[in-house]
Amino acid sequence: MEQQSIEVLRRLDRYLEELEPKLIAFRRQIHQHPDLSGKEANTARFISQVLTGAAIPHRLAANGCGIISETIRSPDPAAPVIALRADIDALPIQEETGIAFRSNNPRVMHACGHDAHAAMLLTTVLALKQENNLPFSWRAIFQPSEEEGQGAQQLIQEGGLENVDGILALHVDPNRIVGKAGITPGPRTAFCRDFVIEVRGRGGHAARPHATIDPVAAAAHLVTLIYQALPRSSDARDPMVVTIGMIQGGHTSNVIPDIVTLKGTIRALRREVAIEASSTLERLSDATAQAFKADIKVGFKNLLNGMVNDELTANACAEVAREFLRPENVICDDPPSLGGEDFADYTAKVPGCMITLGVGFPNRKVTPLHTATFELNEAGLLVGPKLLVRCLLHWSKKRAAM
Ligand SMILES: [Zn+2]
Ligand SMILES: [Zn+2]
């Protein structure tokens, strides 16, 4: 690194170290007051207050639940504009940890670490704002509704990516201890398509199924058929999984109901595979409808993009991360996940990279993301902003050299 960036980095590190108590306080504040997807007005207000206090100009999203900062310009007019994104929503889970700052909101919990993402981004921008000599321009995006796969689209439509050349984000990873990071180029998460199946029959007496059209029997058959036939009709070299997560119908033991509703999701690493699986699902539903004389309708939600880490961006981030965290602590060949992540909507438009950050405890196993007892190791939180500013400096230098 050349002298000038070494000095910039030294100053940023100092600001960040001074900010660590605030970082922890932000995280605890947001953790204690979680908001569900699409209802993040209070969280957004809190973030807005912090940004206002630091004189970082910004605007609230149209629904008041997200924030886009203005671009803070580098003195170099040719410098790239990099967006930093944190998601801010929580999950409909009743928290069961014993921590002192556990959720105050019944059945709402930050169980995916978005409290940490928001706090780490806030801390990063507070430090960046104090430095006038950055070789990049930047903007912050605090995004709602990640868990519902909608917030990224919303903020992109509201101009979040205008004039942006690239985007970075962090996601906590409780499976790795503090000081480790995952930065893998290429496909990272799945194309996801949620669906609702309505099986409509004709109810009646449990003793006389022949006089009814039994939607429970049809639905049960359909679930089995989907699990059997879908994997058999998809090339096994292309990862694909389908899961029915909800089945609902009937009220009592001796009445055949009129309707059974199923909800599920299709996940695949390639768009075409997800689309092909959707039409197979429709075919299986039609066949079941015919076999049971039922009426079966399949409704699909929008296809959520699969997330791809840009090669050049990921490699630049990994280079500097190896220097910072030591080579053995930077994992660059994580297998992709069939989970969904709407950061994909940004990386479909501009080169970007999501870095996974170890927040595990050294001698303690914690439960996974999205569980009621999920906890993260706050000792790892400062690593996030420190890593981000290094990635920003190194990446902008690499881009300038292109
Ligand atoms: Zn999540
Ligand atoms: Zn998440």
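Criteria and cut-off values
- Residues numbered from 1 in each chain as written.
- Chains lettered and ligands numbered in written order.
- Predicted model: local features only at pLDDT ≥ 70, side-chain atom pairs only at ≥ 80, totals over all residues.
- Axes fitted to C-alpha atoms, helices over the stretch in contact; angles between N-to-C directions.
- Helix = DSSP H or I, 4+ residues; strand = E, 2+ residues; numbered from the N terminus.
- Parallel < 35°, antiparallel > 145°, perpendicular 65-115°, else oblique.
- Left-handed = near helix turned anticlockwise from the far one by under 90°.
- Contact = placed C-beta atoms within 7 Å.
- Pairing = 2+ DSSP bridges.
- Domains from an automatic or database assignment.
- Nonpolar A, V, L, I, M, F, W, Y, C, P; charged D, E, K, R; others polar.

Participant: Now, about the packing of helix α1 (residues 3-32) against helix α9 (residues 383-401): what can you tell me, with residues and values included?
Facilitator: Contact geometry of α1 with α9 gives a least axis separation of 10 Å together with a crossing angle of 160 degrees. What the angle tells us is that α1 and α9 run roughly antiparallel. Seen from above, α1 lies across α9 with right-handed handedness. Contacts between α1 and α9 involve Ser5, Val8, Leu9, Leu12, Asp13 and Leu16 from the former and Pro385, Lys386, Val389, Arg390, Leu393 and Lys397 from the latter.

Participant: So, the sheet that holds strand β8 (residues 191-200): which residues are in play, and what are the values?
Facilitator: Within the open sheet, the 4 strands sit side by side as β10-β12-β8-β13. Their pairing is antiparallel. Looking along the sheet, the strands with just one partner apiece sit at the ends: β10 (240-249) and β13 (295-300). Averaged over all adjacent pairs, the angle separating strand axes in this sheet is 20 degrees, with direction ignored. Running at roughly 170 degrees to β10, helix α5 (residues 215-232) makes contact with β8, β10 and β12 (259-268) of the sheet.

Participant: I'd like a description of the domain arrangement of the protein chain, backed by residues and values.
Facilitator: Entries for the protein chain in the domain assignment read domain 1 (3-187 + 306-401) and domain 2 (191-300). Of note, the centres of domain 1 and domain 2, computed from C-alpha atoms alone, are 38 Å apart. If you look at the interface, domain 1 gives 6 residues, while domain 2 gives 6 residues. Grouping the constituent residues of the side of domain 1 that touches domain 2 by class yields 3 nonpolar, 3 polar and no charged.

Participant: If you had to explain the packing of helix α7 (residues 311-325) against α9 to someone new, which residues and values would you point to?
Facilitator: Any two packed helices are characterised by the angle at which their axes cross and by the distance between the axes. Axis separation between α7 and α9 bottoms out at 9 Å; the angle between their running directions is 125 degrees. One element, α7, and the other, α9, form an angle in the oblique class. α9 is crossed by α7, and the crossing has right-handed handedness. Side by side, α7 and α9 meet where Thr313, Ala316, Cys317, Glu319, Val320, Ala321 and Phe324 of the first sit next to Leu387, Arg390, Cys391, His394, Trp395 and Lys398 of the second. Grouping the constituent residues of the contact of α7 with α9 by class yields 8 nonpolar, 2 polar and 3 charged.

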